[in-house]
Structures are given as C-alpha cells and as structure tokens.
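Fold and geometry: a report
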Protein chains: 2
Amino acid sequence: MLEVYPFDIEIGQYKVMLNLADARTLGLNAGDRVRVKAKGAAVTAILDTTTQMVKQGQIGIFTEAMRELKEAKMVDVLPAPKPASLCYIKMMMDKQKLNEDQIKAIVRDIVDNHLSDVELSAYITASYIHNMDSQETEWLTRAMIDTGDRIHFDTHPVVDKHSIGGVPGNKVSLVIVPVVAAAGLLIPKTSSRAITGAGGTADLMEILAPVEFSADEIKAEYALSIDPYSQMLASIMAKKGAVGADAVVVDMPVGPGTKLATSEAGRSLAKDLIDLGERLGIRMECAMTFGGSPVGRTIGPALEVREALALLEGKGGPNSLKEKSMALAGILLEMGGVAGKGDGSRIAEEILVSGKAHKKMLEIIEAQGGDPKVKSEDIQIGENKEDVLSPISGYIVAFFNKRIIEVARLAGAPADKKAGVIIHKKMGQQVKKDEPLLTICSSSEWDLNAAVKDAKRMMPIVVEGMLLERYPRITEI
Amino acid sequence: MLEVYPFDIEIGQYKVMLNLADARTLGLNAGDRVRVKAKGAAVTAILDTTTQMVKQGQIGIFTEAMRELKEAKMVDVLPAPKPASLCYIKMMMDKQKLNEDQIKAIVRDIVDNHLSDVELSAYITASYIHNMDSQETEWLTRAMIDTGDRIHFDTHPVVDKHSIGGVPGNKVSLVIVPVVAAAGLLIPKTSSRAITGAGGTADLMEILAPVEFSADEIKAEYALSIDPYSQMLASIMAKKGAVGADAVVVDMPVGPGTKLATSEAGRSLAKDLIDLGERLGIRMECAMTFGGSPVGRTIGPALEVREALALLEGKGGPNSLKEKSMALAGILLEMGGVAGKGDGSRIAEEILVSGKAHKKMLEIIEAQGGDPKVKSEDIQIGENKEDVLSPISGYIVAFFNKRIIEVARLAGAPADKKAGVIIHKKMGQQVKKDEPLLTICSSSEWDLNAAVKDAKRMMPIVVEGMLLERYPRITEI
C-alpha cells in the first residue's frame, strides 16, 4: 500500500507520480500505465517518476485521478497494460491499413482520455505523414460521430454550411443562416472560434447572444500547428453527421494566402469531401470562392457583425459580402428543394430584400438569449481609432490577407471583440495621397499603437509605385 | 502583472498555467510559449490553461520554472515565439531534408529542454517514419556529440565495444573490457541500464562498484516504445564519439527473438554503422553473433556477474560466453594494433588464461570504488529458489529468448539484483524426465512464485515430444 499525496493540479489526464526507487522496484518506467486501486474505487493512470516530489512509500496523485479515487488515503499500484489503440497507432506509423474496429478503438481512447499527450502527438504526426485512404477516413468519421454528442431532428431536410477558412472577414454565415432558415429549411449551424484568424463565426455570434462551447479540440493538434488531411476531412464531416445533415455546402476560398493556394488543391479537396459525403449519405456541394482578398470591408468581431447586420437590415453593404452570401445560400436552397436548379441565389436575394432574413435573424438572437431589438448601429467598436493613409496616389496592386489578419490580431481581435480593421480600398481601386487605406480600432490604446506600427511597417495594401523598402533604412542613417 | 501561485511539482519542463479568461485576453492558447518576466529573472515556458486551478490575475508556475524566476511574487507574461526547431521538425514531417544547422538547432532545443513532450513526440514519430539519410545522420550524431559531455584522452588509440542487444545473459562486456585493458588499450566503457531486458552492463557492474548515471533518455521515445533507426545509429555513435573512440567493435546478435531477425537486417545495419563511422573518423567492425539462445547459462544481474567473474578467475565457464568474449576482444586487440590480423582471439585467450584480465578487473573495481578482493562465490543470489523440471525425456528442440527474459523479469530482475534464471539445458541437449531445465531465484517468495508459474505456462524451453497445450484445458474440464 502507498500513502496518497494529492497534487491539486488539473493536468488534463489521469496521472500519478511515484518515487523513482519505488517505480524501479515495481519494474515501472515513466510513461507506463498503472492501475491504482483504493477501497471501492480504481483508475488507470499514466505514471511519472520523481526523485524529489514524492518520498518512497508515497504516491502523488493529480486532481483528475484523485476524483476517481474518491479522496482515498491509501492505494495499491499494479502495472496495467497499454491500451490496444497504441498498437494501432504504431501500425499507422508502419503505414499499415487499419480496420474499422481499430479506428474506433483509437477514437474511443482519445475521447475517453486514455492516451497521453505524447501518444496523441504520435497519432496526429503519423496521421499527418501517412494519410488515411477514403475507407479509413469514412470509418474515422463514423467513429467520431458515434463517440460524440448527437442532435436528432424529426424534420428533414437538415442543411448546413461549412467554410474551409483562411480568408479574413468571412462573416457570410451571419447572412446565409437567416436566409436559409427564413426559407423554411432547418440549418443547425455549429461553429467554432478562430484559432489563427481574427474571428470565427462563434466569436462573431457571441456579440449577439451567448454561445456555448463543447469539448476542447485535441490540444496536440493545436500545439503542433498541423492539421492532418484525413483528420480535417473527418472532423468537418463528423460535425455535419452529428447534427444529421442531409445536404451541406462547403465554402472553399481559393487563392494565395488562403488554405487552398490553387484551384487544383481546391478541386482535390472538393472531390474527397464529396466522396466522403457519399459514403456517409450526406449530399455535398463545394463552392470555390475567391479568397484573394477579404470578404466585405471589415475584419474583427464587432465590425463584422455590424456589417452583416446592416446588410440584413437592408442598409446595403459591400458587394463581395452580398454576392458570396447569396451564392452559397442559393446552393443550400436548391439542395434543400425550396428553389429550382439555378434559381437559388435569386430566391435568396428575394428573402434578403424582403426583410424576412432580418426578421429570422432577430428570432435566432432571441432564441439564443440575446437582445431581439439589436440594431447594427448599436454595436460598439473600439473607441481608440487610427487611419493608415496612402503615402502616394495610384492604384492598389497588392493585398495581403495574412498581414491584414495580423494587424487585426495585434489590435486585440478576436479576444477584444471591439478590435479590428476597416478596409477602405481594395484591389485595383484608385487612391489619392493621404486618403485612408485602413482604419484600425481597439479597446486598448496600447494595442492600437502596436497594430498601427505593424500596418505601416508590413504594408498589407500596396499602392502602385509605392516605395517598399530603403537600404540603408532612414532610421539607420 | 500577475500574482505568482507556485505549483510545487516537477513536471520535467518549464511550464506555467493561466486562467482561460486571462489567456484569451492575452490572445494565448494552451501549448503556446510565453516569456515570464520577474525582477532580474525571466524564463520561457509552455502555457497550459485552466478554468479552476488558478484565478484570473494569477499565474501557476511549476517547480522548474519557479527556480529560474528566483521565487518571484509578481511576474509579467508576454507571448514568446516558438523555437525555430519546430519549423525544422515540421519540415521532417513534410519529408524535406534538413541542413546541419537545422539538425543542430533541434538537438540543442531537446538538450536545453525547450521542446514540450508533444513536440518531442512529433519529432520521434517523424524520425521513425521518415528515416534520415546518411548525411543527416552524420550531422545528428555530431550535434549529439557537441551538445553532450565529452571525455578527452591524451593516450590513443581509444577502443570501445557496443552491443545491439536483444539476447539474454549477454555479460560479455565484463570479460572483454578487462582483457582489452590488460593488453594496454584504453577502453572507457560507457553503458546503460536494461530497458526491456533483464540487465544492462550498468545493472551488472553496479553489483561490483558504484555506477553513475548521466542525463535521462528522451522519455517520449520510451513512452512510444519506438526506436527510430537514424536516432539509434546516432545515439550509438554519439556515445562513442563523446569518449573520442578511434575503433569500435559492434556485437550484433542475429536470430529470431533478437532485434535483428535475419542476417540481411544485420548486414544492412553493419553497412550503415560502418558508413557513419567513416564519416566521423571512427573505425568500425561489426560482428554478427548467434543470438538465438542466451550467452552463458545465467540471466539476471548477480547471476551474470558471478558467471563472468568465475571465468576471469580461471574457474571455467560456458563455452558460449568464453568464445564470444574472446572473439570480440580479439577484434579490438587487432583494431587497436596490439595483435596481428587473425591473431586477436588467441592473444585475448592468453590474457584471460594468464590471470592478467582478472587482475585488471579487480583494479577497475577498486578504481570505481568497489571491493578489490571480491570473489565470484561471494556474490549473493536470491535465497528463494525453485527448479523447473522437464516433464518428459528427450532433446531440447526450441528455446525462446523473450520468454526467458520475461521469467527473469517476473522474478524481479533487473531491480532485484539477486533475481534471475539459471539455464541447465540448451538447444539440442538431451534431458531426462524430471531433470531441471531451469532454476529460478529471487529475493521475494511472491515474485519467485509468479516467475515459476509463468515458466511452467509459457515453456521457454521445449523438449521434443512435449505436450504444448490441451483443449479443453484440464483446468476447464
């Protein structure tokens, strides 16, 4: 029996710590699994070893495992076998194909928190290097659907929209969802926060109503900044499968600076998504859209919501936002059977112009616990503002998405909901010297200054003939 | 400024924990790096987030990072860039070749503890899947030599021996080292503990004198139970490079149940080791040895030391131990220039028989702080003993290395130095019914029983005609 020494730290997994001498006596090494048994309670945990933190005869137990052991004072420790899924992960590394049960076992162990960070990382890395084939990807998707929360609707068809992301200011969901819902289709939009962008749909919607978040993403995936292809396919489709979607439109922004650099990359992804959809019984349509410059003229949560809401209110808005939203909503109307082939975007626009989409949006806001009387002009943006002016007269010849996102993030987006960038000039437009190219805003003067400095240094918008750099730099002379 | 909340837990890396709300405000995610600054001290740490463990305005700091921050009470936190080596690890995943500086950066960041477990795991997994080419492996080895501790000798040549492992009872180093040293060659044997076997040379030598251990192996490698090929080559050769070895003999046990199942696998490894040696200026000779059954007749630290010491003392010993030790020592004598081509093993045997090797062994024991008067019969073995008898008369037709190791480990080896297995019959030998096949010993009666039970069930030694299994099992009838 070992004396319990509780470590009151949430470590994200079942973990215990033994003195190195005790571990050696038990024939155990750090990283091994152990079965920890108390009276009427037990847990399988991952072992760490120490020479200092716990004495011989003691066992350090972290919060999550302690909870399972019901605050026991004395426990027994036995070696425990590794989960079978580790074998299957090793098989992936060796480029062997997995069967349905093996893939299910991996997903089940991930969901049940039975794999250590190190093991998860090996899985993600192996997935990244050796992509799964389409059969394996189908099984992976089904396993993710089976192990996650599911929503069941009696009404059909259920339609949904997904964006591959990578283009700034892509607030189209805020327009598409009310248009499609106003047409009588069920569209249970699941959405996420921005990871590398300046605001995901969830970051935006949160301005209008409370948003709930479910389980974390796999931390390892984020920590490594990699997104294995088959994992990406499976996690897109699992979300759609979980809500019982019958038809899905996928927005695929293509162009330099987006996630899909070329049309070929776009077509290849489209083919794989449609194939996976067929295997799962979900009708898919992929829409390649221009991703070379932002959608609309605003980037950052509050600014984007204001822009989308103004469009719904009939106050007009940038063509890029309106056209793209109507095109994607139109595809869903056609897929959902409420518009004839080729008629979708026209009907979508009718719904928008009629004010029905706006009415539906206010109903959605109310249903989610927000203020149903909200107006676009009520939405507050950062009080600290500064314009970035054009240094010369000319035409806009280059526009860098990633730099625009960086400026918005430096201003504080998406955590600072009021931070962001307003774009005054887009590709090909004429600009006069000292006319504003951008307006940056933020809740914090400090962040604003950092963003302005960055915008002036990185020049996300380039005017023809503009001096890009001088050697030696003026400041260095 | 954030208030420091110290977590007195050694977590094996620089780690801090922020409340999720604070992390979001700072635009940070779990897994990001942060620069934590106190008055006159700073550390770059990996961030974790929590909703419960630390309040807003606080920062939880684990032991290792706390030490660097000199017990500060208040700190500032800023986002810190990821180390460049992560980029290079990503390149490995994408199967791009790395240059010398990139490989150096990875090794440096590993040694300096700048990579998280998740990142290390990705590196090990990517290394396992995409082997490095010979140029990259050379750079990896050089980087490992440069970043580790080095020993410099004025006398040359320096010779060394390495075993690929996988064969039980392989105590040849305890014979080879004193023979070679008695011939006047410098042989600074570095060695390690057993990970999956029943005792490494270090586990054995520890019985005779204190043994010091340096830095841990990469935990992730162990946790995943994988050994990437180029990492293995580099870590073998880095140890040799670190002691300035001029000539190295590599013992490569080949056969079923060893790490090298076939002669082809052995030859391929030999070629790669010799190539890497050439690049590093180390002369290599690889000796493929029979690995199908144990070396000598004992397995387990005390038993093995007793057997090797008895051979040195001139009390004789198993042919397999003597022949293999003389063959390998002979190669080193030839490589070191103290024996003519083809004369090595004869001269090695002369040194053994003359008692010079025994005298040298006692000197080594004394130099290391052990008892220079130790005799083989003084070495204590486990007082709990039991024979495993042959159920029938016949010839030994099968011998399973892995099962023998398992029995020794169940008896307590290598942590229990006195635990192990004595083998009475080897392949092809005749045995009578009820003659002992094995003797198992242990310091613990409990462990002995477990080992005996396992030996009877798994049958590591098979006598021709022996009944292997009955359906239905007798116990089930």
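A quick note: this is a predicted structure, and the numbers were derived from the prediction, not measured.

Things to note about empty space enclosed by the protein
All names here are of chain B.
- Scanning all chains against the criterion turns up 1 cavity of 30 Å³ or more.
- There is about 90 Å³ of room inside the largest cavity.
- In terms of lining residues, the largest cavity is bounded by Met92, Lys95, Gln96, Lys97, Leu98, His130, Asn131, Met132 and Glu136.
- Of the residues belonging to the lining of the largest cavity, the class tally is 3 nonpolar, 3 polar and 3 charged.

A few points about the sheet that holds strand 9 (residues 283–290) of chain B
Residue and element names in this part refer to chain B.
- The 3 strands are arranged 7-8-9 in an open sheet whose pairing can be described as parallel. At either margin of the open sheet sits one strand with a lone partner, and together these are strand 7 (159–163) and strand 9. Put simply, the sheet's adjacent strands are angled 20° from each other on average, direction ignored.
- Judged from the 8 bridges that link them, strand 8 (residues 247–254) and strand 9 form a sheet pairing that is parallel. When the bridges of strand 9 are listed, Ala247 appears paired with Arg283.
- Its contacts with the sheet place helix 11 (residues 263–280) against strand 8 and strand 9, and it is angled at close to 165° to strand 9.
- Against the sheet, helix 13 (residues 319–335) touches strand 7, strand 8 and strand 9, its axis set at about 155° to strand 8.

Section: the sheet that holds strand 13 (residues 420–423) of chain B
Residues and elements named next belong to chain B.
- If you trace the 4 strands from one edge of the open sheet to the other, you get 10-13-15-11, paired in antiparallel fashion. Each end of this open sheet is capped by a strand with a single partner; those strands are strand 10 (298–299) and strand 11 (384–389).
- Bridge count between strand 11 and strand 15 (residues 436–442): 6 bridges; the pairing is antiparallel. Counted as the bridge partner of Val388 is Leu438 from strand 15.
- Sitting on the sheet, helix 16 (residues 401–410) is in contact with strand 10, strand 13 and strand 15, with an inclination near 135° to strand 13.
- The strands touched by helix 17 (residues 445–458) within the sheet are strand 11 and strand 15, with strand 11 carrying the most contacts at an inclination of about 10°.

Let's talk about the pairing of strand 8 (residues 247–254) of chain A
All names here are of chain A.
- Summarising burial for strand 8: 8 of the 8 residues are buried, a large majority.
- Side chains of strand 8 alternate between two faces, with Ala247, Val249, Asp251 and Pro253 and Val248, Val250, Met252 and Val254 buried alike.
- Pairing analysis gives 5 bridges linking strand 7 (residues 159–163) to strand 8, with the strands arranged parallel. Paired with Lys161 across the bridge in strand 8 is Val249.
- In this view, the connection linking strand 8 to its parallel neighbour strand 9 (residues 283–290) by way of helix 11 (residues 263–280) has right-handed handedness.

Thoughts on the packing of aromatic side chains
Residues and elements named next belong to chain A.
- The full count for this structure, using the stated rule, is 4 aromatic pairs over all chains.
- Centre to centre, the rings of Tyr5 and Phe7 are 5.3 Å apart; their planes meet at 70°, and the pair counts as edge-to-face.
- Ring-pair connections join several aromatic residues into one group, and the members of that group are Tyr5, Phe7 and Phe62.
- In this structure, Arg403 is placed above the aromatic ring of Phe400, and the distance from its NZ or CZ to the ring centre is 4.1 Å.

Some words on the interface of chain A and chain B
- Facing the 43 residues of chain A at the interface are 43 residues of chain B.
- Between the two partners, chain A and chain B, sit 0 salt bridges.
- If you look at where chain A meets chain B, you find 6 residue pairs in polar contact (both at pLDDT 80 or more).
- Among the elements of the structure, helix 1 (20–25), strand 4 (41–50), helix 2 (63–68), helix 3 (84–93), helix 5 (117–129) and helix 9 (219–224) of chain A are those that each provide at least two residues to the side of chain A that touches chain B.
- With 9 residues, helix 5 of chain A is the single largest residue contributor to the side of chain A that touches chain B.
- Here the residues of the side of chain A that touches chain B are counted per class, giving 19 nonpolar, 10 polar and 14 charged.

Observations concerning the environment of Glu307(A)
Residues and elements named next belong to chain A.
- With respect to the secondary-structure elements, Glu307 resides in helix 12 (residues 301–312).
- Residue class for Glu307 comes out buried when judged on its relative accessible area of 10%.
- Placed 66 residues apart in sequence, Glu307 and Lys373 show a C-alpha to C-alpha distance of 17 Å.
- Beyond its immediate stretch of four places on either side in the chain, Glu307 contacts Lys171, Val295, Gly296, Arg297, Thr298, Pro318 and Leu321.
- For Glu307, the side chain forms a polar contact with the side chain of Thr298, separated by 2.6 Å.

Examining the side chain of Ser163(A)
Residue and element names in this part refer to chain A.
- With respect to the element layout, Ser163 can be found in strand 7.
- A distance of 3.3 Å separates a polar atom in the side chain of Ser163 from a polar atom in the side chain of Asn170.
- Among the polar contacts listed, one links the side chain of Ser163 to the side chain of Asp251, at a separation of 3.2 Å.
- Excluding its chain neighbours within four sequence positions, the residues that come into contact with Ser163 are Asn170, Asp251 and Pro253.

Regarding the domain arrangement of chain A
Residues and elements named next belong to chain A.
- One can read the domain layout of chain A as domain 1 (2–80), domain 2 (84–130), domain 3 (159–209 + 239–376) and domain 4 (384–463).
- Here domain 3 and domain 4 have C-alpha centroids that lie 25 Å from each other.
- Between domain 3 and domain 4, the contact holds 29 residues from the first and 21 residues from the second.
- For the pair domain 3 and domain 4, the summed buried surface comes to about 1,800 Å²; carbon and sulfur atoms form 57% of the total.
- Among the residues domain 3 hides against domain 4, the three largest losses belong to Arg297, Ile299 and Leu303. Together they make up 33% of the total.
- Our count for the domain 3 to domain 4 interface comes out at 1 salt bridge.

Quick word on the packing of helix 3 (residues 84–93) of chain B against helix 4 (residues 100–111) of chain B
Residues and elements named next belong to chain B.
- Packing of helix 3 against helix 4 leaves a shortest axis separation of 9 Å and a crossing angle of 115°. Like other packed secondary-structure pairs, helix 3 and helix 4 cross with a definite hand, here left-handed. Residue-level inspection shows Ser85, Tyr88, Ile89, Met91 and Met92 of helix 3 in contact with helix 4, the latter providing Gln102, Ala105, Ile106 and Asp109.

A few points about the nonpolar core
- Counting 49 residues, the largest nonpolar core has Val175(B), Val179(B), Val180(B), Leu208(B), Leu333(B) and Met361(B) as its most contacted members.
- Looking at this core, the elements with two or more residues in it are helix 7 (173–182), helix 8 (201–205), strand 8, helix 12 (301–312), helix 13, helix 14 (344–354) and helix 15 (356–367) of chain B.
- It is helix 13 of chain B that provides the largest number of residues to this core, a total of 8 residues.
- Residues in contact with Val180(B), not counting those within four places in the same chain, are Val159(B), Leu185(B), Ile187(B), Ala329(B), Leu332(B) and Leu333(B).
- Membership of the second largest hydrophobic core comes to 48 residues, among which are Ile187(A), Ala308(A), Leu309(A) and Met326(A).

Criteria and thresholds
- Residues numbered from 1 in each chain as written.
- Chains lettered and ligands numbered in written order.
- Predicted model: local features only at pLDDT ≥ 70, side-chain atom pairs only at ≥ 80, totals over all residues.
- Heavy atoms only, no water.
- 1 Å grid on protein atoms, 1.4 Å probe; cavity = no way out; pocket = protein on both sides within 12 Å on 5 of 7 lines; lining within 4 Å.
- Points joined across faces, edges and corners; volume = space filled by probe spheres on them.
- Nonpolar A, V, L, I, M, F, W, Y, C, P; charged D, E, K, R; others polar.
- Pairing = 2+ DSSP bridges.
- Helix = DSSP H or I, 4+ residues; strand = E, 2+ residues; numbered from the N terminus.
- Axes fitted to C-alpha atoms, helices over the stretch in contact; angles between N-to-C directions.
- Contact = heavy atoms within 4.5 Å.
- Buried < 20%, exposed > 50% of the residue type's maximum accessible area, 1.4 Å probe, protein only.
- Right-handed = clockwise from strand over helix to strand, strands pointing away.
- Phe/Tyr/Trp six-rings, centres within 6.5 Å; stacked < 30°, edge-to-face > 60°.
- Lys NZ or Arg CZ within 6 Å of the ring centre and 35° of its normal.
- Salt bridge = Lys/Arg side-chain N within 4 Å of Asp/Glu carboxyl O.
- Polar contact = N/O pair within 3.5 Å; in protein donor to acceptor, adjacent residues only side chain to side chain.
- Domains from an automatic or database assignment.
- Buried area = accessible area lost by both parts, 1.4 Å probe.
- Left-handed = near helix turned anticlockwise from the far one by under 90°.
- Core = buried A, V, L, I, M, F, W, Y, C linked by side-chain atoms within 4.5 Å.

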